[in-house]
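Residue-level structural notes
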Amino acid sequence: MWGPAGTSLIITSGENIGIVRATGIRSRYVTAAGGGILVVLALLAPLGRFVNAIPGPVVGGTAVIVFCVIATMGIDILRKVDIGEHGNVFTLAAALAMGFLPILVPGIYSKFPQGVQMILGNGLAAGTLTAVLLNVIFHHLGSGRETKVEGDLSKASSNGS
């Protein structure tokens, strides 16, 4: 699904974060200068044709590196998470499954309404939404029930001894 300016309707700054992490440059002036360069390239057709002449494999190779930096950042975040903690392993597994599903089974959501297709058909959006919802369920809504069950089990074991 494409927006009126020819861009994806699902926008992420993951690429930008990956580039900042890889280069270490965090200046807003560099970002503004980059934006200015993009505007000039868009307005001057000869410069646009010059950029368009960059071979696809060069652009693809650059994209692969940027996405691998993003994946590495994700691994670094997951390294700090206790996967064995209540619900975390299921949250991670379900988010990965929902993220990979539209890639591994193209068209799986073709019979769904257009709005649902836009969210679930994008692996990043579907995986993120799944992770957020399951995190809320397991760590915010389920916490009161979990404490109650543990309390009941401890009473049962003390009564049986």
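In case you missed it, the structure is sitting above this.
Residues numbered from 1 in each chain as written. Predicted model: local features only at pLDDT ≥ 70, side-chain atom pairs only at ≥ 80, totals over all residues. Heavy atoms only, no water.

1. Points about the packing of aromatic side chains
What counts here: For this analysis, a ring pair means two rings from Phe, Tyr or Trp (six-membered ring only for Trp) whose centres lie within 6.5 Å, classed as stacked if their planes differ by under 30 degrees, edge-to-face if by over 60, and tilted for the remaining angles. Each helix is a run of DSSP H or I of at least 4 residues and each strand a run of E of at least 2, with the numbering of both proceeding from the N terminus. For every residue, the accessible area obtained with a 1.4 Å probe (protein chains only) is divided by the maximum for its type, and the residue is called buried under 20%, exposed over 50%, and partly exposed between those limits.
Scanning the model with the defined rule gives two aromatic pairs in all. Where F90 meets F138, the ring centres are 5.8 Å apart and the plane angle is 80°; that geometry is what we call edge-to-face. Of this pair, F90 sits in helix 5 (residues 88–104) while F138 sits in helix 7 (residues 123–141), and the two are 48 residues apart along the sequence. Overall, the relative accessible area of 47% leaves F90 in the partly exposed class.

2. A look at the layout of surface pockets
Heads up, the condition is: Each cavity reported here is a set of points on a 1 Å grid over the protein atoms alone in which a 1.4 Å probe fits but cannot get out, each pocket an open set with protein on both sides within 12 Å along at least five of seven lines, and each lining residue one with an atom within 4 Å of a point. Grid points are joined across faces, edges and corners, and a volume is the space filled by probe spheres set on the points. Residues were grouped as follows: Ala, Val, Leu, Ile, Met, Phe, Trp, Tyr, Cys and Pro as nonpolar; Asp, Glu, Lys and Arg as charged; and all remaining residues, including Gly, as polar.
In this structure, the largest pocket spans a volume of roughly 1200 Å³. Around the largest pocket, the lining is made up of 32 residues, and of these I70, G74, L96, L124 and T128 lie nearest the centre. Contributions of two or more residues to the lining of the largest pocket are made by helix 1 (14–23), helix 4 (56–79), helix 5 and helix 7. In terms of residue count, helix 5 provides more of the lining of the largest pocket than any other element does, nine residues in total. Class assignment for the residues of the lining of the largest pocket results in 18 nonpolar, 13 polar and one charged. In this structure, the second largest pocket occupies an estimated 420 Å³ of space.

3. With respect to the packing of helix 5 against helix 7
Just so we agree on the cut-off: Every angle, taken between N-to-C directions, lies between 0 and 180 degrees, and every axis is a line fitted to C-alpha atoms, over only the stretch in contact when it is a helix. For classification, angles of less than 35 degrees are called roughly parallel, those exceeding 145 degrees roughly antiparallel, those between 65 and 115 degrees roughly perpendicular, and all remaining angles oblique. For a crossing to be left-handed, the near helix must be turned anticlockwise from the far one by less than a right angle; the clockwise case is right-handed. Two residues qualify as a contact provided that any one of their heavy atoms is within 4.5 Å of a heavy atom in the partner residue.
In the contact formed by helix 5 and helix 7, the axes pass within 7 Å of each other and the chain directions differ by 160°. Of the possible angle classes, the one that applies to helix 5 and helix 7 is roughly antiparallel. Between helix 5 and helix 7 the crossing geometry is right-handed. Note on element contacts: helix 7 touches helix 5 through G123, A126, G127, T130, A131, L134, N135, F138 and H139, opposite N88, F90, T91, A94, A95, M98, G99 and P102. Residue classes in the contact of helix 5 with helix 7 are distributed as nine nonpolar, eight polar and no charged.

4. Remarks on the packing of helix 2 (residues 28–43) against helix 3 (residues 45–52)
Where helix 2 contacts helix 3, the axes come no closer than 5 Å and their chain directions differ by 105°. Taken together, helix 2 and helix 3 sit at an angle that is classed as roughly perpendicular. Of helix 3, the residues touching helix 2 (which contributes V40, L41 and L43) are A45, L47, G48 and V51.

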